[in-house]
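Commentary on secondary and tertiary structure
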Amino acid sequence: MNFAARSIRFCLLSAMVLCLVTCSGRSGSSVGTGVTASVESSTVQGADSAKSPITIRILSTNDIHGSLGSSMVDGAAGPGRLGGVEYLAGLIASLRQPAPERTIVVDAGDCFQGDYAVNKSEGAFCTDFFNLVGYSVRTIGNHEFDYLDVGPDNEINDPRGALKRMIANSRHPIVLANVREKAGDPLHPAIREYVILDVSGVRIGITGVLTPDTPSVSRRAGSVGVEFEQPVDALRRVIPKMRSEGAGVVLVLSHLTGNCTDGRDLFATGAAACDVGGELSRIQAAFTNQDIDLIVSGHDHVMLRGDGRSIPIVENPGHGIVVGNAEIDVDPATGRRVGAVRVLEHVPVCIPGEPVPKVCSSEWPGFRGVAVPNESVRQLRLSVEAAVASECADIVATAATDITFSRTTEPPLANLAVDLLRELGTVVDSSGKAVLADFAFMNRGSTRASMAAGPVSVCDVARIWPFSDPPVLVSMTGAEIARMLTFLVDDVKKAPVISGMKVSRVAGGPIEIRDAGGTVIDSNKQYRVVTTQYMVEGGDRLDEFFATFPAGRVHPLPFDSYRDGFIKAIRARGVLNAPDTSRYSGITRD
């Protein structure tokens, strides 16, 4: 062999050794407010891999909301049941298995507030679940502020005590760039504005952003003393930092509003990508897919699979019923994305049993078979459920049929909730007759899940209505009720669920309100209206409306929480039926 040939051979061997070292996925050191970590490699990429792109897989969840068991699905997905934490964990393991060294698992927030057992643990279950499954990175959602201090909340020493415990016990990074204490400190020392993962030699920058509306869509006391930066401004700060530290791929975990507005079924296939609205639209307007490769979102509980004007977004309906699935090809020479991100069909968390949902068949592109349950997560579920076994054995009523909840204007179960709320304002008149409150309203999101036909336990009630704010009775004139509903529909873009009234609007004109008998309400008459303390204190921005009300117009009702009141009212009913769903005309809520 001549000298030139030996030189070429030496260079090739050197290149192979260099590739073996740089592709092995080992981590660097902490830098600034970010941190560099690694996804451990079970294999080392060979020399040939340098000639072809490295495919990174991103598996994602969001809005799990402590859903320990399965959830009802209908429409294009059902009928049937999907999910359950041990099946979710098992599916993630099977999706990760083909290439664990090139797979990251992320969550976009809101594991708190769900099943009674999870709420009793004040979110401790969530930390244990994420640790057992082995998530790579996650962010937090608005409901992570709900539990306030650890233990009973009659005396609150730290309004974010439960949240801080969750962060402290997490064995993976939690990223959040736009939220901090007013003094400028992070909510907890372990929170990072961003992290950079070394995944098979690819440096992936991941940051998180949370809706600044959090104080009005969670327990307000939990975010007192917290500052929320606009997500676009925070991303303008941290994306250059991640890029300067070598991030070739950038992911944003967001807990923000934004969905398609065309009314498509969550599981409909074949629809063209939409241009999302809400807070996500502002990120789409401010950045391109050259700045952000992929957004993994939560908050609106919708199916987004690559939607977005420029930057693809993946989001799940929540409750652990599907897993988001995306792939990014990366040039190992440059560390940057090659071609478009592939947001694949969501993978349903299929479980044994009948009926089999439509998405649990080969007809659904994302179907990967029935999930194999993770035994460690099953034992975790059993341990937290054991703590509330007596409450779960307490049957309070029977549901005559499935009473469903969905994110539409008038979900049957949300209408049942507001009917129950109205009953809590019942008084006995001078003749001894029980008289309902005139009206009631509450936010649709107070209801979190559907109710299956059959026995209904205290735990079922707590799973469906997990929040603990008390009901209140408000004295309101007809004019004030009309002004409040107009504010919610036109300014807040939300229509509350209502009881005792019918609300109509023609061609964007003024709202008309009639009572249950069909009579237009009197603008000057005082009506007895039941709602929740959450709404009066600022839920859905109603602090802007109720700020002018004298204290004497708002009266507490004799229940620690509206859920406690619901249990009493449901016991009295004995049998639950689906209510009417024709209370709005000319007004819709996506």
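Source: prediction; values computed, not measured.

With that out of the way, let us pick up the pattern of salt bridges. For the structure shown, the criterion picks out 30 salt bridges. For Glu193, the salt bridge goes to Arg180, with nearest N and O atoms at 3.8 Å. Residue Glu193 is found in the loop between β9 (191-192) and β10 (194-199), and its partner Arg180 is found in strand β8 (residues 179-181); the two are separated by 13 residues along the sequence. Glu193 gets classed as buried once you look at its relative accessible area, which sits at 14%. Asp394 is the salt-bridge partner of Arg571, the closest N and O atoms lying 2.6 Å from each other. Taken together, the positions of Arg571 in helix α15 (residues 562-573) and Asp394 in the loop between α9 (389-392) and β20 (395-399) put the pair 177 residues apart, joining distant regions of the chain. Of the residues examined, Arg571 reaches a relative accessible area of 39% and is grouped as partly exposed. Given a relative accessible area of 28%, Asp394 falls into the partly exposed group.

As a volume, the second largest pocket reaches approximately 680 Å³. Lining the second largest pocket are 24 residues, with Asn119, Asp153, Arg219, Ser468 and Arg563 positioned closest to its centre. Mapped by element, the contributors of at least two residues to the lining of the second largest pocket are α3 (116-120), α11 (458-464) and α15. Classifying every residue of the lining of the second largest pocket by side-chain character gives 10 nonpolar, six polar and eight charged.

To continue, consider the state of the cysteines. One pass over the full model with this rule turns up four disulfides. Note that Cys111 is cross-linked by a disulfide to Cys126, the S-S spacing being 2.2 Å. Linking Cys111 and Cys126, the disulfide has an S-S dihedral of approximately -85° and is accordingly described as left-handed. Highlighted residues: Cys111 in the loop between β5 (103-107) and α3 and Cys126 in helix α4 (residues 124-133), separated in sequence by 15 residues. Judged by relative accessible area, Cys111 falls into the buried class, the value being 3%. Each sulfur in the disulfide pair Cys392 and Cys459 lies 1.9 Å from the other. On the S-S bond that ties Cys392 to Cys459, the torsion sits near -80°, and the link is left-handed.

Further remarks concern the packing of aromatic side chains. The full count for this structure, using the stated rule, is 13 aromatic pairs. Taken together, a centroid distance of 5.6 Å and an interplanar angle of 65° make the contact between Phe129 and Phe130 edge-to-face. Judged on exposure class, the residue Phe129 and its partner Phe130 are both buried. Among the aromatic residues, those joined into a ring-pair cluster are Phe125, Phe129, Phe130 and Tyr135. It is Arg553 that lies over the ring of Phe549; its NZ or CZ is 4.5 Å from the centre.

On the basis of which strands lie adjacent, the open sheet formed by five strands has the order β26-β23-β29-β25-β30 and mixed pairing. Two strands bound the open sheet, and with one partner strand each, they are β26 (497-499) and β30 (554-556). Looking at each pair of strands side by side, their axes are set apart by 25° on average, direction ignored. Relative to β30, strand β25 (residues 471-477) runs antiparallel, the two sharing three bridges. If you follow Leu473 over to β30, its bridge partner there is His555. Along the sheet, helix α12 (residues 478-492) contacts β23 (439-442), β25 and β29 (526-532); its crossing angle with β25, the most-contacted strand, is approximately 110°.

This part is about the pairing of strand β11 (residues 202-210). For β11, the tally of buried residues reaches eight of nine residues, placing the bulk of the element in the interior. In terms of strand pairing, β10 meets β11 through six bridges, oriented antiparallel. Paired with Ile196 across the two strands is Gly205, which belongs to β11. Linking β10 back to β11 in an antiparallel pair, the connection comprises two residues, with Ser200 at a positive phi of about 50°.

The next thing to look at is the confidence of the model for the protein chain. Taken as a whole, the protein chain shows an average pLDDT of 90; of its residues, 91% reach a score of 70 or greater. pLDDT under 50 marks residues 1-32. Its contacts with residues more than four places away, or in other chains, come to 34 contacts. Low pLDDT, under 50, characterises residues 41-49; the stretch is placed with 20 contacts to residues that sit more than four places away or in other chains.

Moving on, we come to unusual backbone geometry. With an omega of 5°, the peptide bond running from Gly78 to Pro79 counts as cis. Look at Ala507: it is not a glycine, yet its phi comes out positive at around 50°. The residue Ala507 is located in the loop between β27 (501-504) and β28 (512-515) in this model. Look at Arg541: it is not a glycine, yet its phi comes out positive at around 70°. Considering the arrangement of structural elements, one finds Arg541 in the loop between α13 (533-536) and α14 (543-546).

In this section: the side chain of Asn142. Topologically, Asn142 is positioned in the loop between β6 (137-138) and α5 (161-169). The contacts of Asn142, once residues within four sequence positions are left out, are Asp110, Leu210, Thr214, Val217, Ser218, His255 and His299.

Below, the discussion takes up the nonpolar core. Generally speaking, soluble globular proteins have nonpolar side chains that are buried together. Grouped together as the largest cluster of nonpolar side chains are 48 residues, with contacts concentrated most on Phe125, Phe129, Ile140 and Leu187. Counting residues per element, the ones that place at least two in this core are α2 (85-96), α3, α4, α5, β12 (226-228), α8 (375-386) and α11. Looking at this core, the element that brings in the most residues is α2, giving seven residues. Not counting residues within four places of it along the chain, the set of residues in contact with Ile140 comprises Ala108, Gly109, Asp110, Phe145, Leu163, Met166, Ile174, Leu176, Leu187, Leu210 and His255. Leu416, Ala440, Met442 and Val456 belong to the second-largest nonpolar core, a separate cluster that totals 34 residues.

Conventions we followed
- Residues numbered from 1 in each chain as written.
- Predicted model: local features only at pLDDT ≥ 70, side-chain atom pairs only at ≥ 80, totals over all residues.
- Heavy atoms only, no water.
- Salt bridge = Lys/Arg side-chain N within 4 Å of Asp/Glu carboxyl O.
- Helix = DSSP H or I, 4+ residues; strand = E, 2+ residues; numbered from the N terminus.
- Buried < 20%, exposed > 50% of the residue type's maximum accessible area, 1.4 Å probe, protein only.
- 1 Å grid on protein atoms, 1.4 Å probe; cavity = no way out; pocket = protein on both sides within 12 Å on 5 of 7 lines; lining within 4 Å.
- Points joined across faces, edges and corners; volume = space filled by probe spheres on them.
- Nonpolar A, V, L, I, M, F, W, Y, C, P; charged D, E, K, R; others polar.
- Disulfide = S-S within 2.5 Å.
- Phe/Tyr/Trp six-rings, centres within 6.5 Å; stacked < 30°, edge-to-face > 60°.
- Lys NZ or Arg CZ within 6 Å of the ring centre and 35° of its normal.
- Pairing = 2+ DSSP bridges.
- Axes fitted to C-alpha atoms, helices over the stretch in contact; angles between N-to-C directions.
- Contact = heavy atoms within 4.5 Å.
- pLDDT = per-residue confidence, 0-100.
- Core = buried A, V, L, I, M, F, W, Y, C linked by side-chain atoms within 4.5 Å.

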